[in-house]
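Listed here are the chains, written in short residue letters.
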Amino acid sequence: MTQIDRFRQQLQSNIVLLDGAMGTYFQMLHPEAGEVEYANVSHPEWIQEIHKRYLEAGANVIRTNTFAVNHMLFPGTDVDEVLVAATQNARTAIDTFCEQYPEVEKDHLFVAGSIGPIRLGKDVDEEQVYREYCHICDVLLEQGIRIFIL
């Protein structure tokens, strides 16, 4: 059974809970740290811990810490590296959670790709925004993400 089939089955037979706001939670725990998306690479353990806390609170779906990851908001950053690290952090959190709570079925937990808005501006046109969304989706798809939260 594919991930999408398992997710559809979960949606049809159970209540599915998503995690909460990563950035708000992160800023509460690490106010000095700056942008939450950079922590995917610089402090993956912080991101994994937040994911794990949401799983402990009952979330079935955790979103990658990628809401604001794009070339327009993070120029000069290796966006692909951040997207890959965020996906790995979410999966590691699920693995760690399932090791700690073996009664939880890993097949009932999902990682969704989080993609936030990319705003048009004087230096950003519709074509650039379209290409950026495609790029983000392609990288997340390469990482096995099949559920997206826009």
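Remember, it's a predicted structure, so these values are computed and weren't measured experimentally.

Trainee: Any details on the overall build of the protein chain? Residues and values, ideally.
Mentor: The number of helices and strands found in the protein chain is six helices and three strands. Secondary structure elements in the protein chain, listed N-terminal to C-terminal, are α-α-α-α-β-α-β-α-β. Taken against the 2.2 N^0.38 rule, which gives 15 Å for 150 residues, the C-alpha radius of gyration of the protein chain at 16 Å falls within 12% of a compact globule. Across its three principal axes, the protein chain shows a C-alpha extent of roughly 50 × 35 × 20 Å. Here the protein chain holds 150 residues, and the buried ones make up 40% of them. Considering only intrachain contacts with a sequence separation of at least 6, the fraction spanning at least 24 residues in the protein chain is 70%. Carbon and sulfur atoms make up 52% of the accessible area of the protein chain, which totals about 8,300 Å². In the protein chain, the 11 positive side-chain charges and the 23 negative ones have mean positions that sit 4 Å from each other.

Trainee: Give a description of the pattern of salt bridges that names residues and reports values.
Mentor: In this structure the tally under the stated criterion is seven salt bridges. Of the charged contacts in the structure, one is a salt bridge between Arg6 and Asp107, with a shortest N-O distance of 3.8 Å. Residue Arg6 is located in helix H1 (residues 3–13), and its partner Asp107 is located in the loop between helix H5 (79–100) and strand S2 (110–114); the two are separated by 101 residues in the primary sequence. Owing to a relative accessible area of 43%, Asp107 belongs among the partly exposed residues under this scheme. The salt bridge involving Arg63 is made with Asp19; its shortest N-O contact spans 2.6 Å. A residue pair is termed long-range when its members are at least 10 positions apart, and Arg63 in strand S1 (residues 61–63) and Asp19 in the loop between H1 and helix H2 (22–29) qualify at 44 residues.

Trainee: Explain helix H6 (residues 126–142) residue by residue, including any values.
Mentor: Helix length check: H6 (17 residues) gives 24 Å between terminal C-alpha atoms against 24 Å at 1.5 Å per residue, within 8%. The complete set of buried residues in H6 reads Val129, Glu132, Ile136, Val139 and Leu140. Mapping the buried residues of H6 onto a view down its axis gives an arc of 95°, with all of them on the same face. When the buried face of H6 is taken as reference, the exposed residues oriented beyond 90 degrees from it are Glu126, Tyr130 and Glu142. Among the structural elements, H5, S2 and strand S3 (148–149) are those in contact with the buried residues of H6. One side-chain oxygen of the residue at the start of H6 lies 3.2 Å from the amide nitrogen of Glu127, identifying that residue as Asp125. Immediately downstream of H6, the backbone of Gly144 shows phi near 90°, a positive value.

Here is what the cut-offs are and how they apply
- Residues numbered from 1 in each chain as written.
- Predicted model: local features only at pLDDT ≥ 70, side-chain atom pairs only at ≥ 80, totals over all residues.
- Heavy atoms only, no water.
- Helix = DSSP H or I, 4+ residues; strand = E, 2+ residues; numbered from the N terminus.
- Rg over C-alpha atoms; globule rule 2.2 N^0.38 Å.
- Buried < 20%, exposed > 50% of the residue type's maximum accessible area, 1.4 Å probe, protein only.
- Contact = heavy atoms within 4.5 Å.
- Areas by Shrake-Rupley, 256 points an atom, 1.4 Å probe, with all protein chains shown as cover.
- Lys, Arg positive; Asp, Glu negative; His and termini not counted.
- Charge placed at Lys NZ, Arg CZ, Asp CG, Glu CD.
- Salt bridge = Lys/Arg side-chain N within 4 Å of Asp/Glu carboxyl O.
- Expected span 1.5 Å × (residues − 1).
- Arc of directions from axis to C-beta.
- Polar contact = N/O pair within 3.5 Å; in protein donor to acceptor, adjacent residues only side chain to side chain.

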